[in-house]
Amino acid sequence: MSEALAVVETAGTGTSVPAVSGARQFWRRLRAQRAALVAAAVVALLVLIALAAPLLTALEGQDPTTYHPSLIDSARGGVPIGSFGGVSADHWLGVEPQTGRDMFARLVYGARVSLGVALAATVVQVAIGVAVGVASALGNRWVDQLLSRATDIIVSMPLMIMSLALLAIVPSSFPRPVLVTLVIGLIAWGTIAKIVRAQTLSLKGLDYVSAARLSGWGTWRVARRELLPGLAAPVLTYAALLVPTNISVEAALSFLGVGVKPPTPSWGQMLTAADVWYQAAPQYLLLPAGALFVTVLALTVLGDGVRTALDPRAASRLRVGTGRKASADAGSTADGATREAAGNAAGKEASA
C-alpha cells in the first residue's frame, strides 16, 4: 500500500486521476494556518541567525569572548558605561556588566548552542524511541515485556534530577554542549517509545501489513517498508513539540550551573549571570529571556500547526474555545433544521 499510487474515480466519467499526495495535503493544511506560517518564519530566521553568527559578529567587529574593561565602571561595581548598557555603533546591544563582553555576539552565539543542543537531543530521543518502540511491538512476548519495563523505568525518571546528577559527575573536560545533548536524549526517550509501540501495534493489524507478511517479507522489511511510513505522522508531530521542551531544559540546566560552561555563551547561562544585574542593567536579563521566550513560543506554535496538519481531525490546542464554539454552532444549526422540518410536516398535515 505504501508503494502503490492511489487513484480516485472521477464522478460520472469512469476515469482515474492520481490522488493528491500526502505531502501536498500536509503543506496545503499547514499553509492554511497563519499562526503556524508566522512561527515557521520566526524559527527560520532564528536558525539563519544562529548559522550566520560568525558573519554577523564579524560585521559588528566583535566576538563573544573578548573582555572590554574600559567599557565598564569599576567604581559602580562593573556597570556598563553609557546609556542602555553601553549601546554604541561598536556594540549594538551593549556589553556585559563586569566583563564588558559584547552582548550581541554572545546572544547570536548562544542561539547556536540552545538550538543546536535542542535539535540534536530531539534526534537522539526520536532515534532511540522509534527503535525501542518498533522492536517492542514486533518482538515476542519476552522482548516486549523487557523493553516495555525498561521504557517504564525511563519514563518514571525525573529528567531534571537525573540530568543534574549526571552532569555533576562527568569531568569538566568533556564538551558540555555534547554532554547536555546526550544526557537529555538518553533520559527522555521513554514517551516517544510508548507512542511508537502503541501505533505499531495498531498498524500490525491492517490488511496491507498482513498481506506483506503473507507474501514472505521478513519482519524488519515489513517494518521498514510498511510500518515506518505509517509512523511518520505521530513521530514528526511529537518531535516538533519536543524541540521547545529541550530548549527549556537546556536553559534550565545552564541556569542551574551544570549545563554549558563559560566562556561558551548560552541563553540559560546568560540568565544565570544576569540575576544580580536586572536592576542596574535590565537589558542583560531581558535580551536572553526575550530570545528564549520568542524561540519557545514559535516552536510550540509551529509544532501545534504540524500536529494539526498531519491529523486534521484534531483541533488545535492553541485555539481555546474553538472546538466548543464549533460544536455549539453545529448543534444550533441541527436544531434549527429539525424545527424547520417539523414545521413543514405540520403545515402539510394541516393543508391535507
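If you're wondering where the values come from, they're calculated on a predicted model, not measured in any experiment.

### A look at helix α9 (residues 207–214)
Next up, step 1: The set of residues buried in α9 consists of Y208, V209 and A212. The arc that holds every buried residue of α9, seen down its axis, measures 105°, which confines them to one face. Exposed side of α9, more than 90 degrees from the buried face: D207 and L214 are the residues found there.
Next up, step 2: On its buried face, α9 sits against α8 (190–204) and α10 (219–255).
Next up, step 3: Immediately downstream of α9, the backbone of G216 shows phi near 105°, a positive value.

### Focus on the environment of L201
Next up, step 1: Position of L201 among the secondary structure elements: in helix α8.
Next up, step 2: With 63 residues separating them in the primary sequence, L201 and L138 have C-alpha atoms 7.9 Å apart.

### Section: the packing of aromatic side chains
Next up, step 1: Applying the stated criterion to the full structure yields two aromatic pairs.
Next up, step 2: With a centroid separation of 5.2 Å and an interplanar angle of 65°, the aromatic rings of F26 and W27 are classed as edge-to-face.
Next up, step 3: We classify W27 as partly exposed; its relative accessible area is 49%.
Next up, step 4: Arranged with centres 5.0 Å apart and planes meeting at 55°, the rings of W92 and F104 form a pair that is tilted. Taken together, the positions of W92 in the loop between β4 (79–80) and α4 (103–138) and F104 in helix α4 put the pair 12 residues apart, joining distant regions of the chain.
Next up, step 5: Residue F104 is classed as buried on the basis of its relative accessible area of 13%.
Next up, step 6: Sitting over the ring of W217, R221 keeps its end group 4.2 Å from the ring centre.

### What about the environment of P69?
Next up, step 1: Within the element layout of this structure, P69 appears in the loop between α3 (53–60) and β3 (72–73).
Next up, step 2: In this structure the C-alpha to C-alpha distance between P69 and T99, which are 30 residues apart in sequence, comes to 6.4 Å.

### Some points on the confidence of the model for the chain
Next up, step 1: Residues at a pLDDT of 70 or more form 82% of the chain, whose mean pLDDT is 81.
Next up, step 2: The model gives residues 1–20 a pLDDT under 50, and that stretch makes 24 contacts with residues more than four places away or in other chains.
Next up, step 3: When the criterion is pLDDT under 50, residues 320–335 qualifies, and its contacts beyond four places in sequence or with other chains add up to zero contacts.

Rules used in this analysis
Residues numbered from 1 in each chain as written. Predicted model: local features only at pLDDT ≥ 70, side-chain atom pairs only at ≥ 80, totals over all residues. Heavy atoms only, no water. Buried < 20%, exposed > 50% of the residue type's maximum accessible area, 1.4 Å probe, protein only. Helix = DSSP H or I, 4+ residues; strand = E, 2+ residues; numbered from the N terminus. Arc of directions from axis to C-beta. Contact = heavy atoms within 4.5 Å. Phe/Tyr/Trp six-rings, centres within 6.5 Å; stacked < 30°, edge-to-face > 60°. Lys NZ or Arg CZ within 6 Å of the ring centre and 35° of its normal. pLDDT = per-residue confidence, 0-100.

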